[in-house]
Structure formats: C-alpha cells, structure tokens
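# Tertiary structure, described
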Amino acid sequence: VSLMNKAGGSAAFGRWASVHIKSRVGAILATFVLGCLIFIDDYFNCLTVGSVMRPVTDSHKVSRAKLAYIIDATAAPICMIAPISSWAAAVASYADEGQGLTLFINAIPYNFYSLLTLVFIVAITLMKFDYGPMKLHEFNAISNGDLYTAGEKAEVTEEGFNPKGKVLDLILPVIVLIVACVFALVYVGGIFDGSSFIDAFANTDATVGLPWGSVIALVFAIVYLCLRKVITVKEA
C-alpha cells in the first residue's frame, strides 16, 4: 500500500474517480465495489480500500465514520463468502482432509451475516438512509463539511507522491498480490505433489501461504515501479 501511494498509483485512481464519480452515492458504491474486488484478505482489503478511497469520499463529503463502516462491513463479509480467501483457507483447515473447501462453499448460502450485510450496505446507500450516531456524522459532513464530528480531527498527511503515476500502478500490484497469494496457498497445500486445486487449497496453511504471496507481490511491486521510474530504489 505504501509503495502504491508513493508511486502515485492511488493518486492517479483518485484523479480518475474525480472525473467518473459525480455523487456521494457513487463514491460510497465505488468504495463498496472496490472492497468486493479485493477479496483475498480482509485486512489487506481495509488497508487498500481505505487508502485509495479516502480522497474520493472526502471530496463528496462522506464522513470518515461512514467510510470506515462501509470498508469494514465489506471487507470481512466478502472474505467470509469468497471460496479463494484467507478466511476460506483457515476454515477449511478444520474439516476432514479434502472436505474443507467443499463444506465452505456449501455453507455460503447460509452465511446470513455476510450476505445480508452486503445487501444492507447497498440498500442504505441507494435509499440515502442513516440512523443513530451515523446520521449525525453524515449530517455534519453534508451541512458543515465536518468529516469527523467526534474523535481526533487531525488530517491525514499524505507523503509526496509521483504525479506521473498511473491507475495501472495501483491495479497491477493488487492483481499480482491476489494471484500470488492464491498460488502460494495451493503450493503450500501440495498442488505440485499431485493434489488437485481443491484438495491443495483445502489442505493449505494460510499462515505460510499468505506471507509468501505477500513477499512475491512486494518484490514485483518494487521491480515494476522502479522500472516504470515512478519510484526510486532508495524510496522503495
């Protein structure tokens, strides 16, 4: 996330979004959609979506409380129903050998918390409906431009970034991260030892596969962004 920010990829996405996203509803839905696309791990989801979408939602006067809610209420539920995710790998490891992933997939329609939470986000966004403390946060953001209402109000200071960064500098490292993590998970599960993809994923160890996938993506990001000359080796 830091590399993508420094290289200007996040800022480039923000510029793209400012042209194509014209409303508060659009900004919130874009946050939701991006959260759904980064399904491999809920923690990385929060880090990436928060960093990328904050300038977009700020420009449309979406309170920080609402942004935090949308990110958090998307990250865990989407990871909990994605068959290829750190959550699926962890849950599958508790079932009998080779049965974990099948059980996880069969249980998805009964994961009411995740499914209804995702529906709820879309519903309250399209209806422009808020209640309780969130309603106060949103009212202050819209009417007074106060994005905080409560809590620390210090603005997040962004480090200098390369203005030549492109949206691809954000998208490509994320795609590589997802692919590398999936590959690492099935590799640890023994796909090269003759296991099928499903068996390898069901028998993997997420605490080993995900760090390896992250390291691969990190090395790729450094090499790619340095070759693009949007970040120096020293900065990386």
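Before any of the text, the structure's been laid out above.
A brief report on the enclosed structure follows. (Residues numbered from 1 in each chain as written. Predicted model: local features only at pLDDT ≥ 70, side-chain atom pairs only at ≥ 80, totals over all residues. Heavy atoms only, no water.)

### Focus: the side chain of serine 51
Looking at the element boundaries, serine 51 is found in helix α4 (residues 42-59). Residue contacts for serine 51: discarding those within four places in its chain leaves Val1, Asn5 and Ser10. (Helix = DSSP H or I, 4+ residues; strand = E, 2+ residues; numbered from the N terminus. Contact = heavy atoms within 4.5 Å.)

### Some thoughts on the packing of aromatic side chains
One pass over the structure, following the stated rule, counts seven aromatic pairs. Geometrically, the ring pair formed by phenylalanine 197 and phenylalanine 201 is stacked, given 6.4 Å between the ring centres and 10 degrees between the ring planes. Of this pair, phenylalanine 197 and phenylalanine 201 both sit in helix α11 (residues 197-202), four residues apart, roughly one helical turn. Overall, phenylalanine 197 belongs to the partly exposed group, its relative accessible area being 36%. For phenylalanine 201, a relative accessible area of 0% gives the class buried. Grouping aromatic residues by their ring pairs yields a cluster made of Phe183, Tyr187 and Phe192. (Phe/Tyr/Trp six-rings, centres within 6.5 Å; stacked < 30°, edge-to-face > 60°. Buried < 20%, exposed > 50% of the residue type's maximum accessible area, 1.4 Å probe, protein only.)

### Things to note about a nonpolar patch on the surface
Residues Phe183, Tyr187, Val188, Phe192, Val208, Trp212, Val215, Val219, Val223 and Leu227 make up a contiguous nonpolar surface patch of roughly 1000 Å² in combined accessible area. Looking at the nonpolar patch, the elements that each hand over two or more residues are α10 (168-188) and α12 (206-227). Per-element accounting of the nonpolar patch gives the leading share, six residues, to α12. Residue position: valine 208 is located in helix α12. (Patch = residues over 30% accessible without salt bridge, like charges linked within 9 Å, V, L, I, M, F, W, Y side chains within 5 Å. Areas by Shrake-Rupley, 256 points an atom, 1.4 Å probe, with all protein chains shown as cover. Salt bridge = Lys/Arg side-chain N within 4 Å of Asp/Glu carboxyl O.)

### Describing the pattern of salt bridges
A full pass over the atoms with the stated rule returns five salt bridges. Between arginine 64 and aspartate 58 there is a salt bridge, and its shortest N-O distance comes to 2.7 Å. You can call arginine 64 buried: its relative accessible area is 17%. Judged by its relative accessible area of 21%, aspartate 58 falls in the partly exposed class. Two residues, aspartate 130 and lysine 66, come together in a salt bridge whose shortest N-O distance is 2.9 Å. Placement of aspartate 130 in the loop between α8 (112-127) and α9 (132-144) and of lysine 66 in helix α5 (residues 64-81) is noted, with a sequence separation of 64 residues between them.

### A look at the state of the cysteines
Under the counting rule described, the total for this entry stands at zero disulfides. For cysteine 46, which is in no disulfide, the shortest distance to another cysteine sulfur is to cysteine 79 and amounts to 9.9 Å. (Disulfide = S-S within 2.5 Å.)

### A look at the environment of glycine 26
Tracing the sequence through the fold places glycine 26 in helix α3 (residues 24-37). A relative accessible area of 24% places glycine 26 in the partly exposed class. Once the C-alpha coordinates of glycine 26 and cysteine 181 are considered, the two residues, 155 residues apart in sequence, prove to be 30 Å apart.

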